[in-house]
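# Chains, contacts and geometry: an overview
Below, each chain spelled out in residue letters.
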Amino acid sequence: MKGDKKVDLQALKDIANKLRIDSIVATNASKSGHPTSCASMAEIMSVLFFHTMKYKISAPRDASADRFILSKGHAAPILYAAWAEAGLFPVEDLKNLRKLDSDLEGHPTPRLNFVDVGTGSLGQGLAVAAGMAYVGKYFDQAPYRVYCLVGDGEAAEGSVWEALHFAGHYKLDNLVVIFDVNRLGQSEPTSLQHQMDVYDARVKSFGLHSLVVDGHDVSELVKAFDEAASVSGKPTAIIAKTYKGRGFPNIEDQDNWHGKALGGDGEKIIKHLQSLIKNQTITLKPAPPVSAAPQVHIADVTLSSPPAYKKGELVATRLAYGTGLKKIADTNLRVIALDGDTKNSTFSDKLRAAYPERYIECFIAEQTLVGVATGAACRDRAVVFASTFAAFFTRTFDQIRMGAISQSNINLVGSHCGVSIGEDGPSQMGLEDIALFRAVPTATVFYPSDAVSTERSVELAANTRGICYIRTSRPNTAIIYDNDTVFKVGEAKIVRESAKDSILLIGSGVTLHEALAAADQLQQQGINARVLDPFTVKPLDEAAVRAHAHAVGGRVLVVEDHYQAGGLGEAVLSALALERSVVVQHLYVKEVPRSGPPQALLDKYGISSKNIVLAAGKLLAV
């Protein structure tokens with residue numbers, strides 16, 4: 001800051017009240033929003049944006065700049081107001097809040113050039129911030145800092161404490177989490193209300209340097225943020241005691257004002273706030289970044305060597321994932337891997353063994369795994385692959401959903417899919433994962449069926465924008481592709497065909513191999529079957545499915561190691577919905593399975609080669 005300290009502190013107080021006024025004006029214009037939630041954090045935002053953070057108005061997402069994540073995304077109006085008052089865009093534009101043709105949405109999204117990730121599904125911002133901080137400290141080794149503002153209401157989410165554990169464990173001293181403890185939730189007071197000592201004890205137990213402050217005292221906040229910058233070896237938590245609706249007479253600290261524009265009360269409150277402002281002109285400006293972050297190149301990622309397998313050799317696709325991951329890490333220093341303590345099952349440990357500094361262990365905290373991955377990928381700082389069992393991604397669906405809203409480029413790899421994992425039983429079997437990822441609008445879903453296609457899936461995913469999901473299997477399966485086979489997203493492969501084919505079999509992963517075995521058995525009965533490998537379930541090669549369905553006379557049988565809803569079968573059915581001359585039979589896991597040997601489970605749940613043969617015979621009789 002410039003000038004003497006007293007004047008600067010008054011300027012910060014004035015800016016805080018300007019931000020309150022801006023929040024009222026914006027929410028009144030839209031007749032909706034959360035002005036009271038904004039008011040509790042006004043001084044925090046003033047000090048952060050006009051004293052503490054180092055950033056460029058000309059380049060809000062500059063790689064060298066400090067990062068700010070508003071985890072309590074419903075307070076978006078005050079975030080927009082801070083950037084407007086800093087000079088990024090006209091303050092008058094705040095009146096466009098929540099309009100259909102405005103990017104100033106109800107919650108922050110990266111449609112805005114000053115927002116890194118979408119927030120608003122509460123409890124997620126801190127894991128993203130931790131991922132950013134990890135990259136800053138260990139990969140970029142740059143002095144930029146990461147600030148994350150968390151609401152006390154969302155602090156009831158377990159994902160917040162998972163992320164605190166991660167941050168403390170990895171000594172992320174470039175991370176500052178600010179708890180806006182304004183006492184009131186949406187429908188009633190929070191469970192802890194203003195028990196600041198409890199917040200303090202809990203945060204310290206996770207290994208953070210903790211500072212309890214009056215969140216409306218700019219002097220205390222300035223000192224706290226300055227102290228945080230000098231702390232080494234641990235993150236800092238600033239636990240700010242605040243009041244919802246601060247500065248709003250007759251509304252401050254009152255229940256039943258969450259998520260409501262102030263309406264007619266707003267004009268009177270604005271006049272009151274204006275009376276508190278000593279200086280109408282903002283003279284404080286953000287300081288620029290300290291130094292440049294390194295330039296990185298994350299495009300055109302390639303395998304260091306092509307697949308090297310023999311036809312018929314038995315290799316699990318999960319193992320080939322690890323091989324492919326290590327190969328792309330050979331050629332690009334920004335390829336990193338994350339896992340949730342399953343690295344010796346997903347085989348992400350192949351990258352860890354070769355490049356331990358580029359591996360991040362997230363332990364058994366899958367929501368943090370995906371959140372940290374999202375943060376690590378922000379501002380295009382890394383090519384990120386995160387793996388665990390396919391079943392466990394279901395608990396991270398909200399993080400994945402928000403990743404799509406955030407325009408995130410992360411690669412998620414789920415192993416141990418379906419009943420084919422065998423004796424571990426249904427709690428470990430991913431049987432809903434294809435449905436999950438097909439429902440995500442920005443997702444590409446790879447389902448490779450041998451080691452060659454798996455390595456190429458890794459290479460393609462590294463170069464594909466959006467969320468990529470690679471589904472890998474536990475059993476060893478035969479190599480069916482030549483090592484030089486070219487794969488493309490959305491392009492299916494025909495792995496068996498003849499001019500006399502009378503049925504089309506479609507399978508992926510283990511069921512493709514069951515389909516090939518069934519084709520051999522059908523041939524012994526005088527029936528020729530064509531076999532299609534979709535390679536990507538999303539986008540599905542619908543043109544190929546339709547063309548080959550008609551080529552065989554309109555009989556199609558889909559078999560998958562997945563439940564019925566949302567899987568490969570429904571993707572094929574959608575592609576063929578308007579084809580009147582095509583009949584589709586769908587084999588899938590019809591009930592919650594049980595433990596047993598893999599092949600016995602494939603038989604029991606109707607997706608093995610013998611079941612395919614029986615179903616094909618009935619379908620051809622239709």
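The rules behind the values
- Residues numbered from 1 in each chain as written.
- Predicted model: local features only at pLDDT ≥ 70, side-chain atom pairs only at ≥ 80, totals over all residues.
- Heavy atoms only, no water.
- Helix = DSSP H or I, 4+ residues; strand = E, 2+ residues; numbered from the N terminus.
- Rg over C-alpha atoms; globule rule 2.2 N^0.38 Å.
- Buried < 20%, exposed > 50% of the residue type's maximum accessible area, 1.4 Å probe, protein only.
- Areas by Shrake-Rupley, 256 points an atom, 1.4 Å probe, with all protein chains shown as cover.
- Axes fitted to C-alpha atoms, helices over the stretch in contact; angles between N-to-C directions.
- Parallel < 35°, antiparallel > 145°, perpendicular 65-115°, else oblique.
- Left-handed = near helix turned anticlockwise from the far one by under 90°.
- Contact = heavy atoms within 4.5 Å.
- Nonpolar A, V, L, I, M, F, W, Y, C, P; charged D, E, K, R; others polar.
- Expected span 1.5 Å × (residues − 1).
- Core = buried A, V, L, I, M, F, W, Y, C linked by side-chain atoms within 4.5 Å.
- Pairing = 2+ DSSP bridges.
- UniProt positions renumbered as here; feature names shortened; annotations may be inferred.
- Polar contact = N/O pair within 3.5 Å; in protein donor to acceptor, adjacent residues only side chain to side chain.
- Salt bridge = Lys/Arg side-chain N within 4 Å of Asp/Glu carboxyl O.
- 1 Å grid on protein atoms, 1.4 Å probe; cavity = no way out; pocket = protein on both sides within 12 Å on 5 of 7 lines; lining within 4 Å.
- Points joined across faces, edges and corners; volume = space filled by probe spheres on them.

What follows covers the overall build of the protein. A tally of regular secondary structure across the protein gives 21 helices and 19 strands. Here the C-alpha atoms of the protein give a radius of gyration of 28 Å, agreeing with the 25 Å that 2.2 N^0.38 yields for 622 residues. Dimensions of the protein along its principal axes, counting C-alpha atoms only, are 90 × 50 × 40 Å. Each of the 622 residues in the protein was classed as buried or not, and the buried ones make up 61%. Total accessible area on the protein is roughly 23,000 Å²; 49% of this is exposed by carbon and sulfur atoms.

It is the contact of helix H5 (residues 125–140) with helix H13 (residues 366–377), at a shortest axis distance of 6 Å, that shows an interaxial angle of 50°. As the angle between them shows, H5 and H13 are arranged oblique. Of the two possible hands of crossing, H5 and H13 adopt the one that is right-handed. Here Ala127, Val128, Ala130, Gly131, Met132 and Val135 of H5 come into contact with H13, specifically with Thr368, Gly371, Val372, Thr374, Gly375 and Ala376. Grouping the constituent residues of the contact of H5 with H13 by class yields 7 nonpolar, 5 polar and no charged.

A turn of α-helix holds 3.6 residues, and therefore any two residues three or four places apart point the same way. Here H13 spans 17 Å end to end across 12 residues, near enough to the 16 Å set by a 1.5 Å rise per residue. Where H13 is concerned, the buried positions are Glu366, Thr368, Leu369, Val370, Gly371, Val372, Ala373, Thr374, Gly375, Ala376 and Ala377. On its buried face, H13 sits against H5, helix H6 (158–169), strand E7 (335–339), strand E9 (383–389), helix H14 (397–405) and strand E10 (411–415).

In this structure, Phe179, Leu338 and Leu412 are the most contacted members of the largest nonpolar core, which totals 86 residues. For this core, the element with the most residues is H5, which contributes 10 residues. For leucine 412, the contacting residues outside a window of four places in its chain are Val370, Ala386, Phe393, Ile400, Phe437, Ile467, Cys468, Tyr469 and Ile470. Counting residues in hydrophobic clusters, the runner-up holds 54 residues, among them Leu48, Tyr55, Leu104 and Val115.

Right, let's get into the sheet that holds E10. The strand order across the open sheet built from 7 strands is E8-E7-E9-E10-E12-E11-E17, with neighbouring strands paired in mixed fashion. Single-partner strands in this sheet number two, and they are strand E8 (359–361) and strand E17 (536–538). With direction set aside, neighbouring strand axes in the sheet form an average angle of 20°. In this structure, E7 lies alongside E9, joined through 5 bridges in parallel fashion. What sits directly across from valine 335, in E9, is valine 383.

A few words on the UniProt feature "domain: Transketolase-like pyrimidine-binding" (unreviewed entry) in the protein. Per the UniProt annotation, the sites labelled "domain: Transketolase-like pyrimidine-binding" (unreviewed entry) are residues 315–479. Secondary structure across residues 315–479 comprises 39% helix and 21% strand; the distance between its end C-alpha atoms is 7 Å.

Here we take up the side chain of threonine 190. With respect to the helices, strands and loops of the structure, threonine 190 is situated in the loop between strand E3 (175–181) and helix H7 (196–205). There is a polar contact of 3.1 Å between the side chain of threonine 190 and the backbone nitrogen of glutamine 193. When residues no more than four places from it in sequence are discounted, the contact partners of threonine 190 are Asp152, Gly153, Arg183, Leu184, Gly185 and Tyr199.

So, about the sheet that holds strand E14 (residues 493–496). Two strands in a sheet stick together by hydrogen bonds in their backbones, pointing the same way (parallel) or opposite ways (antiparallel). Pairing is mixed across the open sheet formed by 5 strands, whose spatial order is E14-E16-E15-E18-E19. The sheet is open, and its two edges are formed by E14 and strand E19 (583–589), each paired on a single side. Between one strand axis and the next, the sheet turns by 25° as a mean value, whatever way the strands run. Here strand E15 (residues 503–507) runs beside strand E16 (residues 529–533); their pairing, made up of 4 bridges, is parallel. Across the sheet, the residue bridging to leucine 504 is arginine 530, located in E16. Its contacts with the sheet place helix H19 (residues 568–575) against E15, strand E18 (555–563) and E19, and it is angled at close to 145° to E18. Packing against the sheet, helix H21 (residues 609–620) makes contact with E15, E18 and E19, and its axis sits at approximately 145° to E18.

In total, this model carries 28 salt bridges according to the counting rule given. Among the ionic pairs, arginine 474 bridges to aspartate 424, the shortest N-O distance being 3.4 Å. Of this pair, arginine 474 sits in the loop between strand E12 (467–471) and strand E13 (476–478) while aspartate 424 sits in the loop between E10 and helix H15 (433–438), and the two are 50 residues apart along the sequence. According to the relative accessible area criterion, aspartate 424 is partly exposed, its value standing at 41%. Put simply, arginine 471 and aspartate 433 hold a salt bridge, and the shortest N to O gap is 2.7 Å. Of this pair, arginine 471 sits in strand E12 while aspartate 433 sits in helix H15; the two residues are 38 residues apart in sequence, bridging distant segments of the chain.

Looking now at H21. A rise of 1.5 Å per residue sets the reference length of H21, with its 12 residues, at 16 Å; its end C-alpha atoms lie 16 Å apart and thus fit the reference within 8%. Those residues of H21 that sit buried are Ser609, Asn611, Ile612, Val613, Ala615, Ala616 and Leu619. Considering only its buried residues, H21 is in contact with E15, helix H17 (510–524), E18, E19 and helix H20 (598–604).

By rolling a water-sized probe across the atoms, one finds the places where empty space is left. Considering all chains together, one arrives at 5 cavities of 30 Å³ or more under this definition. Roughly 110 Å³ of internal volume is contained in the largest cavity. Together, 14 residues line the largest cavity, and Gly118, Gln124, Val128, Met402 and Ser406 are the ones closest to its centre. Elements that contribute at least two residues to the lining of the largest cavity include exactly H5, H13 and H14. If one sorts the elements of the lining of the largest cavity by residue count, H14 sits on top with 3 residues. Broken down by class, the residue content of the lining of the largest cavity amounts to 3 nonpolar, 11 polar and no charged. For the second largest cavity, the calculated volume is near 80 Å³. The wall of the second largest cavity is formed by Phe49, Met53, Tyr55, Pro60, Asp66, Arg67, Phe68, Leu79, Trp83, Phe114 and Arg379. Of all the elements in the fold, those that place two or more residues in the lining of the second largest cavity are strand E1 (67–70) and helix H4 (76–86). When the residues that make up the lining of the second largest cavity are grouped by side-chain class, the tally is 8 nonpolar, no polar and 3 charged.

Where helix H3 (residues 42–52) meets H4, the axes come as close as 10 Å, and the angle between the chain directions of the two elements is 40°. In terms of crossing hand, the pair formed by H3 and H4 is right-handed. Judged by residue contacts, Ala42, Met45, Phe49 and Phe50 of H3 engage Ile78, Leu79, Ala82, Trp83, Glu85 and Ala86 from H4. When the residues that make up the contact of H3 with H4 are grouped by side-chain class, the tally is 9 nonpolar, no polar and 1 charged.

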